[in-house]
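# Examining the three-dimensional arrangement
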Amino acid sequence: MIVIAHLSDIHIDSSPRSAERTRSVMAYLESIDAGRLDAVVVTGDIADHGLESEYVRVRELLRTRHPLLVCPGNHDRRDVFREVLLGAPPERAGAPVNQVLRADGFVLALGDSSVPGKDEGFLEEETLAWLEGVLDDTPEGVPVLVGFHHPPTALHIPFVDGIRQFGEHRLAELTGRRPGIVGFLCGHAHTAAATSFAGRPLLVAPGVISTSKLPWEPYGGPSQHVYRDEMAPSLAFHVLDDEGRLTTHYRSVPV
Ligand SMILES: [Fe+2]
Ligand SMILES: [Fe+2]
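My aim in this report is to walk through the structure given alongside it, one point at a time. Predicted model only: the values in this text are computed from it and were never measured.

About the criteria used
- Per chain, residues are indexed from 1 in the order of the written sequence.
- Lettering of chains starts at A and numbering of ligands starts at 1, both following the order in which they are written.
- Given that this is a predicted model, residues contribute local features only at a pLDDT of at least 70 and side-chain atom pairs are listed and counted only at 80 or more, while totals for whole chains, interfaces and linings are drawn from all residues.
- To obtain the side-chain values, all non-hydrogen atoms of the structure were used and water was disregarded.
- Strand pairing is assigned whenever DSSP identifies at least 2 bridges connecting the two strands.
- Counting from the N terminus, the helices are the DSSP runs of H or I reaching at least four residues and the strands are the DSSP runs of E reaching at least two.
- Only C-alpha atoms enter the line fits that serve as axes; for helices the fit covers just the stretch in contact. Angles between N-to-C directions range over 0 to 180 degrees.
- Between two residues, a contact is recorded if the distance between any of their heavy atoms is within 4.5 Å.
- Metal sites are built from N, O and S donor atoms within 2.8 Å, or 3.2 Å for Na, K and Ca, and they leave out water, so they may look incomplete.
- Remark: exposure states derive from per-residue accessible area (1.4 Å probe, protein chains only) relative to the maximum for the residue type, with buried under 20%, exposed over 50%, and partly exposed in between.
- Remark: nonpolar core denotes a set of buried residues (Ala, Val, Leu, Ile, Met, Phe, Trp, Tyr, Cys) joined through side-chain atoms within 4.5 Å.
- All geometry calls rest on donor angles, where a four-donor set with angles between 85 and 135 degrees is tetrahedral, four- and six-donor sets with opposite donors more than 155 degrees apart and all others between 65 and 115 are square planar and octahedral, and all else is irregular.
- Pairs were defined over the aromatic rings of Phe, Tyr and Trp, the Trp ring being its six-membered one, requiring ring centres within 6.5 Å. Orientation was assigned from the angle between planes: stacked under 30 degrees, edge-to-face over 60, tilted for the rest.
- Lysine NZ or arginine CZ positioned within 6 Å of the ring centre and within 35 degrees of the ring normal marks a charge as sitting over the ring.
- Cysteine sulfur atoms are paired as a disulfide whenever they fall within 2.5 Å.
- Throughout, the term roughly parallel applies to angles under 35 degrees, roughly antiparallel to angles over 145, roughly perpendicular to angles from 65 to 115, and oblique to all others.
- By definition, turning the near helix anticlockwise from the far helix through less than a right angle yields a left-handed crossing, and turning it clockwise yields a right-handed one.
- Each residue receives one of three labels: charged for Asp, Glu, Lys and Arg, nonpolar for Ala, Val, Leu, Ile, Met, Phe, Trp, Tyr, Cys and Pro, and polar for the others, Gly being one of them.

## Details of the sheet that holds strand S10 (residues 193-197)
- Spatially, S4-S5-S7-S9-S11-S10 is the arrangement adopted by the 6 strands of the open sheet, whose pairing is mixed. Looking along the sheet, the strands with just one partner apiece sit at the ends: strand S4 (99-103) and S10. Each neighbouring strand pair of the sheet contributes to a mean axis angle of 20°, computed without reference to strand direction.
- Across 3 bridges, strand S9 (residues 181-186) lies against strand S11 (residues 200-204) in parallel orientation. Following the sheet pairing, Leu-185 is matched in S11 by Leu-203.
- Helix H4 (residues 125-136) contacts S4, strand S5 (106-110), strand S7 (144-147) and S9 of the sheet and is inclined by roughly 170° relative to S5.
- Sheet strands in contact with helix H6 (residues 169-176) are S9, S10 and S11, and its direction is about 155° off that of S9.

Below you can see the structure in the form of structure tokens.
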């Protein structure tokens, strides 16, 4: 049985609030014995303004004994993300940050759906080719989870749907040829949600920093779009069993 903790949208800035909410979630994950979690994945919007000082804080906040994989979102800056957070040498300026975790019994491919300067998402040809390569290098029967920041489908939250991942027919076509993909993980929507994409589960992590208001929820509080302190930070646990079936649990953590 494989267990993956999935959080998203920590939006670290210079305020104590963003750090406190992330610290609560990470302390909760650290209370779990080493070896019980196969990975911790954070699907983007890591630094609120993509600043070097924010990534320095993130580096401390996301320190964990579990295997960790992080991808950029629309609030991140690829080059700063790569250099400060990943400690990786600068590649071609502006190149997408695509990473893979090959673990015992599964593969987690985390792609970069961000588009520099925009809030909406798109998987560049380079990223799709990288994903094909990851799948080519994965033995048959090993499940592959594919993650990125932007959901490649509408979630019926107009504010989010307007800045979702576009050009998704290319990913759908790829998925149709690749039975090894068992599910998709994303963030960006700041709400715990489950749907499907290209016939596979699409599991959306809630936002650590805030929670999106659904169109049928009464608007209240200072923000029109999100609940801030009214809702606790949350995360998801994805469980992949020996039959290749994916089960997701959602958890809230007190600040
Ligand atoms: Fe976000
Ligand atoms: Fe986002």
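Moving on from the model shown.
## Examining the coordination of the iron ion (ligand 1)
- All of the protein donors around the iron ion (ligand 1) are Asp-9 (OD), His-11 (NE2), Asp-45 (OD) and His-190 (NE2); their distances to the metal are 2.0 to 2.2 Å.
- In primary sequence terms, the donor set of the iron ion (ligand 1) follows D-x1-H-x33-D-x144-H.
- Separating the iron ion (ligand 1) from the iron ion (ligand 2) is a distance of 3.4 Å, and Asp-45 supplies a donor atom to each of them. With Asp-9 in the loop between strand S1 (2-7) and helix H1 (16-30) and His-190 in the loop between S9 and S10, this residue pair connects regions lying 181 residues apart in the sequence. Exposure class is identical for Asp-9 and His-190. Each is buried.

## So, the nonpolar core
- Core analysis: the biggest nonpolar cluster contains 28 residues, and Leu-7, Leu-29, Leu-37, Ile-46, Leu-235 and Phe-237 have the highest contact counts within it.
- Of all the elements in the fold, those that place two or more residues in this core are S1, H1, strand S2 (39-43), helix H2 (52-61), helix H3 (78-85) and strand S14 (234-240).
- At 4 residues, the largest contribution of residues to this core is made by H1.
- Contacts of Ile-46, omitting those with residues within four sequence positions, involve Ile-10, His-11, Ile-12, Tyr-55, Val-58, Val-70, Cys-71, Asp-76, Phe-81 and Leu-85.

## A word on the coordination of the iron ion (ligand 2)
- Note on the iron ion (ligand 2): its protein donors are Asp-45 (OD), Asn-74 (OD1), His-149 (NE2) and His-188 (ND1). The metal-donor distances range over 2.1 to 2.2 Å.
- Metal-centred angles of 86 to 162° between the 4 donor atoms at the iron ion (ligand 2) mark the site as irregular.
- Sequence spacing of the donor residues for the iron ion (ligand 2), all on one chain, is D-x28-N-x74-H-x38-H.
- Under the relative-accessibility criterion, His-188 is labelled buried at 6%.

## Observations concerning unusual backbone geometry
- One non-glycine residue, Asp-9, lies in the positive phi region at around 55°.
- Under the relative-accessibility criterion, Asp-9 is labelled buried at 0%.

## Looking at the packing of aromatic side chains
- Inspection of every chain in the model, using the stated rule, returns 4 aromatic pairs.
- Through a chain of ring-to-ring contacts, three or more aromatic side chains come together here, namely Phe-148, Phe-184 and Phe-197.
- Between Lys-213 and the ring centre of Tyr-227, over which it is positioned, the NZ or CZ distance is 5.2 Å.

## Section: the pairing of strand S15 (residues 246-252)
- Note: S14 against S15, 7 bridges, orientation antiparallel. Residue pairing for S15: Ala-236 is matched across the bridge by Tyr-250.
- Hairpin connection, S14 to S15: the antiparallel pair is bridged by 5 residues, and Gly-244 has positive phi, about 80°.

## Thoughts on the sheet that holds strand S3 (residues 68-71)
- Taken in spatial order, the 5 strands make up an open sheet running S3-S2-S1-S14-S15, and their pairing is mixed. For this open sheet the edge positions go to S3 and S15, each flanked by a neighbour on one side alone. Neighbouring strand axes in the sheet, compared pairwise and without regard to direction, differ in orientation by 20° on average.
- Running at roughly 35° to S14, H1 makes contact with S1, S2, S14 and S15 of the sheet.

## Examining the state of the cysteines
- Summed over the entire model, instances satisfying the criterion amount to 0 disulfides.
- The structure places no disulfide on Cys-71, whose sulfur is separated from the nearest cysteine sulfur, that of Cys-186, by 9.6 Å.

## Some words on the packing of H2 against H3
- Here H2 crosses H3 at 40°, and the two axes come no closer than 9 Å. Between H2 and H3, the angle is such that the two are oblique. Once H2 is placed against H3, the crossing between them reads as right-handed. Seen from H2, the contacting residues are Glu-52, Tyr-55, Val-56, Val-58 and Arg-59; seen from H3, they are Val-80, Phe-81, Val-84 and Leu-85.
- The residue inventory of the contact of H2 with H3, partitioned by class, reads 7 nonpolar, no polar and 2 charged.

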